[in-house]
Amino acid sequence: MVEENYYVSIDTGGTFTDGYVSYPGGSTTVKVPTTDHDLTVCFRNCIDKAADKLGETTEGFLVDTDVVRFSTTIGTNTIIERSGPKIGLIVTSGEEEDLFRTEGGDEGLIAGDDLVIGVEERTSADGEVIDPVDADEVQAAAKTLMNRGAKLLLISFANSFHDETNEERARTVIETEYPPHYLGPNQVLTANEVSSRPGYRTRTYTALVNAYVHRPMARSLYKAEDDARNSGYSNPLLIGQSTGGVAGVSKTVALHTYNSGPVAGVLGADAFRELYDLDSVMSADMGGTSIDLGTIVDGDLDRNLTPEVAGLSVHVPMIDVHTAGAGGGSIASVSDGDLSVGPESSGAEPGPACYDLGGFEPTTTDADVALGYIDPEYFLGGDQQLNAERAEEAVERQVADPLDTTVAEAALRIRQRVDRNIADAIESQLAERGEEPSDVTLIAYGGAGPTHCCTFAQKAGVNRVITAPAAAEFSAFGGATLDVEHRYSEAFGETVSGDAPSIDRRAFDRTVERLEDEAIQDMAGEGFEAEDIILRTSILARSGADVREVPIPSHPDGASGLDAVLEAFDADPEDEIDLDTLVLTAVGPVATEELDRHELRGEDPSDARKGAREAYWPGDGWVETDVYQREDLAPGNAVEGRALIEATDTTYVVPADWTFTIDEYANGIIER
């Protein structure tokens, strides 16, 4: 028997958890329900199902697996469910009273003002410690916070991004008083561990959100890794990062995993942009709960340097993903004669009414079933049977009757409403980037993406859509394209101007060398030799309120090395630009996906035709519609709309005036 080398990528969504497995000569996908109560359960279920599909035992499969990547929503769920630990926050005296009030942040992560205590200490704006922190005051603050129920302590002092002496001294005081073998606060975190950028409040919020998700994240990820190791997997579990890339569990900062699943999908879309040499693409991931949109213009990923998490701005650059409440589980309702769909969702449990698991409210999926687009006997390739009567009853009771129309027409209105909502979001995102919809190619995926992409693309003015064979598991595919990546940063604190663009070269070189040494050491722990690591240097620069991350040479030569910074801000000679933070990104290449090219056959798709059924189309009503099997379509085959194309994980709805063609990479190109 030939030994396989498997590469596994798992993505946890709000409704389903998807797996993408590649191996020499092929790939396969699996889908299991997301287990919200414990995401390690669906992680393991996904592995079990993949092994079974490949004719392996789980143990044999994992022994032959070289890489497992995991994009998880543990951090997101922890914040939504408010299931993190009570955090006691020790801050610079005078900051405790209005820490959240100035930005209207979500103090729900701090269970009341009594869990924030200020202590006397002072570090100047230049990084000089003026007033050392007092040990007795820190001890008293820690004791008070624990008596008030804090299970984890966080220390954040003003200007400590320049010099962390006071933060580290406060931590040492607490850990000396409450060593790890005591049942006291078994973790004391500091803000300097997660942010070296100026901006006291945002730096504190960054540390706070990270602390809140840290413990649940560590508990779940180590459990998932241990479970895999106990079944034969011998390598580190790699965790998806919101900045792009993956990292081992032991090298992962909890907050860096936030929204990592949608980010993986955007990076998969970027891989398609490169494959097809496209200028601009938009990723559209329509799942059970929502749709996530990402925009890539001229190869430039849209990054947010100060995104918001739980209503708090944080210092974690994230690939920007816009989320709208429009998914397969989005709930339809009528109020005063007006139909709305979403943002409320039925989730995985109880799910749409057609799931027959207790849900009674009509959803987008129920509408698609009632319209005849989704075959209730072939949902998820027949793995899950749907109840069409339940879907029709829900649509009739809560939409058709209030609107005084037929079930089919009500279902069509539900579909049109959710697609209009998505089209509006697409138009808004493209307008922000100055792009015309007709110039953009849409990469559509997610379980509901192929079912709706033609309609919302047409409403938005987009004429071309690309879908992958594993469209429903595309975010997991995107995860399979990611390398190991770590970001390191240190405050730099110099100011340059257009007519004097120079820096302290020695200080710059020393900082770069420190960051490079740290990166090489960390990447060695991830299994990479120094010569295999790719190092990239950038600087977080600020002009007024405008903050940008600008790539620069590792060892800039005088003024010429800062040309990129000046150009990024279009600086005039008198303009001053603050070089706040030096950033080093270390990349360790991991085996990634390469799509095979196939010989094109004829356009005739008749060999893939599996029959026909009645489907309800706008303007034409019920029409006998050809149905094709996606997996049986060969490269070169072209399906003219109106048609339904069923895959084992989704259904493609191809309206009139659209054509679905399989290209040489086995991807589906849908054009009008």
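Everything that follows concerns the structure shown earlier in this document.
Residues numbered from 1 in each chain as written. Predicted model: local features only at pLDDT ≥ 70, side-chain atom pairs only at ≥ 80, totals over all residues. Heavy atoms only, no water.

S.K.: Any details on the pattern of salt bridges? Residues and values, ideally.
M.R.: Tallied over the full model, the rule gives 32 salt bridges. One salt bridge connects R44 with D48, and the closest N-O pair in it is separated by 2.9 Å. You can see R44 and its partner D48 sitting in helix α1 (residues 39-53), four residues apart, about one turn around the helix. Here R44 falls in the buried class, since its relative accessible area comes to 15%. Overall, D48 belongs to the partly exposed group, its relative accessible area being 28%. Ionic pairing is found between R229 and E225, a salt bridge with its closest N-O pair at 3.8 Å. Residue R229 and its partner E225 are located together in helix α6 (residues 200-230), separated by four residues, close to a single helical turn. Taken together, the shared-partner salt bridges in this structure form one network comprising D18, K31 and E473. (Salt bridge = Lys/Arg side-chain N within 4 Å of Asp/Glu carboxyl O. Helix = DSSP H or I, 4+ residues; strand = E, 2+ residues; numbered from the N terminus. Buried < 20%, exposed > 50% of the residue type's maximum accessible area, 1.4 Å probe, protein only.)

S.K.: I'd love a proper account of the packing of aromatic side chains, names of residues and values included.
M.R.: Across all of its chains, the model carries 15 aromatic pairs by this definition. With centroids separated by 4.8 Å and ring planes inclined at 45 degrees, the aromatic side chains of Y6 and F61 adopt a geometry described as tilted. Of this pair, Y6 sits in strand β1 (residues 6-12) while F61 is found in helix α2 (residues 58-63), placing the two residues 55 residues apart along the sequence. Taking the relative accessible area as the measure of exposure, Y6 reaches 3% and is therefore buried. Looking at F61, the relative accessible area reads 0%, which means it is buried. Taken together through their ring pairs, the aromatic side chains of Y20, F272, Y276, Y445, F474, F477 and Y665 make up a single cluster. Above the face of the F569 ring, R548 is positioned so that its terminal group lies 5.3 Å from the ring centre. Between the NZ or CZ atom of K610 and the centre of the ring of Y378, over which it lies, the distance is 3.9 Å. (Phe/Tyr/Trp six-rings, centres within 6.5 Å; stacked < 30°, edge-to-face > 60°. Lys NZ or Arg CZ within 6 Å of the ring centre and 35° of its normal.)

S.K.: Account for the environment of N192, naming residues and giving values.
M.R.: With respect to the helices, strands and loops of the structure, N192 is situated in the loop between β10 (188-190) and α6. For the pair N192 and G14, spaced 178 residues apart in sequence, the C-alpha separation works out to 32 Å. With residues up to four places along the chain from it excluded, the contact list for N192 reads E164, E167, E168 and R203. A polar contact is formed between the side chain of N192 and the side chain of E167, at a distance of 2.8 Å. (Contact = heavy atoms within 4.5 Å. Polar contact = N/O pair within 3.5 Å; in protein donor to acceptor, adjacent residues only side chain to side chain.)

S.K.: Let's hear about the sheet that holds strand β32 (residues 643-646): which residues, and what values?
M.R.: Reading across the sheet, the four strands line up as β29-β30-β32-β33 and stay open at both edges, with mixed pairing between neighbours. The sheet is open, and its two edges are formed by β29 (609-617) and β33 (651-654), each paired on a single side. When the angles between neighbouring strand axes are averaged without regard to direction, this sheet yields 30 degrees. Bridging between strand β30 (residues 621-629) and β32 involves three bridges; their strand directions are parallel. Each bridged residue has a counterpart across the sheet, and for V627 the counterpart in β32 is L644. (Pairing = 2+ DSSP bridges. Axes fitted to C-alpha atoms, helices over the stretch in contact; angles between N-to-C directions.)

S.K.: Lay out the side chain of T625 with the relevant residues and their values.
M.R.: In this fold, T625 is placed in strand β30. Residue T625 is classed as buried on the basis of its relative accessible area, which comes to 2%. Engagement of the side chain of T625 in a polar contact is seen with the backbone oxygen of V623, the distance being 2.9 Å. Once you skip the residues sitting within four places of it in the chain, T625 turns out to touch G611, A612, R613, A615, W617, R642, A643 and L644.

S.K.: Can you tell me about α6, naming the residues and giving the values?
M.R.: Over its 31 residues, α6 extends 43 Å from the first C-alpha to the last, a length consistent with the 45 Å expected when each residue adds 1.5 Å. Backbone geometry just after α6 places G232 at a positive phi near 120 degrees. (Expected span 1.5 Å × (residues − 1).)

S.K.: So what's going on with the packing of α1 against α6? Residues and values would help.
M.R.: Relative orientation of the contacting elements α1 and α6 amounts to 25 degrees, with a least axis distance of 9 Å. Of the possible angle classes, the one that applies to α1 and α6 is roughly parallel. In this structure, the crossing between α1 and α6 has a hand that is right-handed. Contacts between α1 and α6 involve T40, F43 and R44 from the first element and S220, K223, A224 and D227 from the second. Of the residues assigned to the contact of α1 with α6, the class counts are two nonpolar, two polar and three charged. (Parallel < 35°, antiparallel > 145°, perpendicular 65-115°, else oblique. Left-handed = near helix turned anticlockwise from the far one by under 90°. Nonpolar A, V, L, I, M, F, W, Y, C, P; charged D, E, K, R; others polar.)

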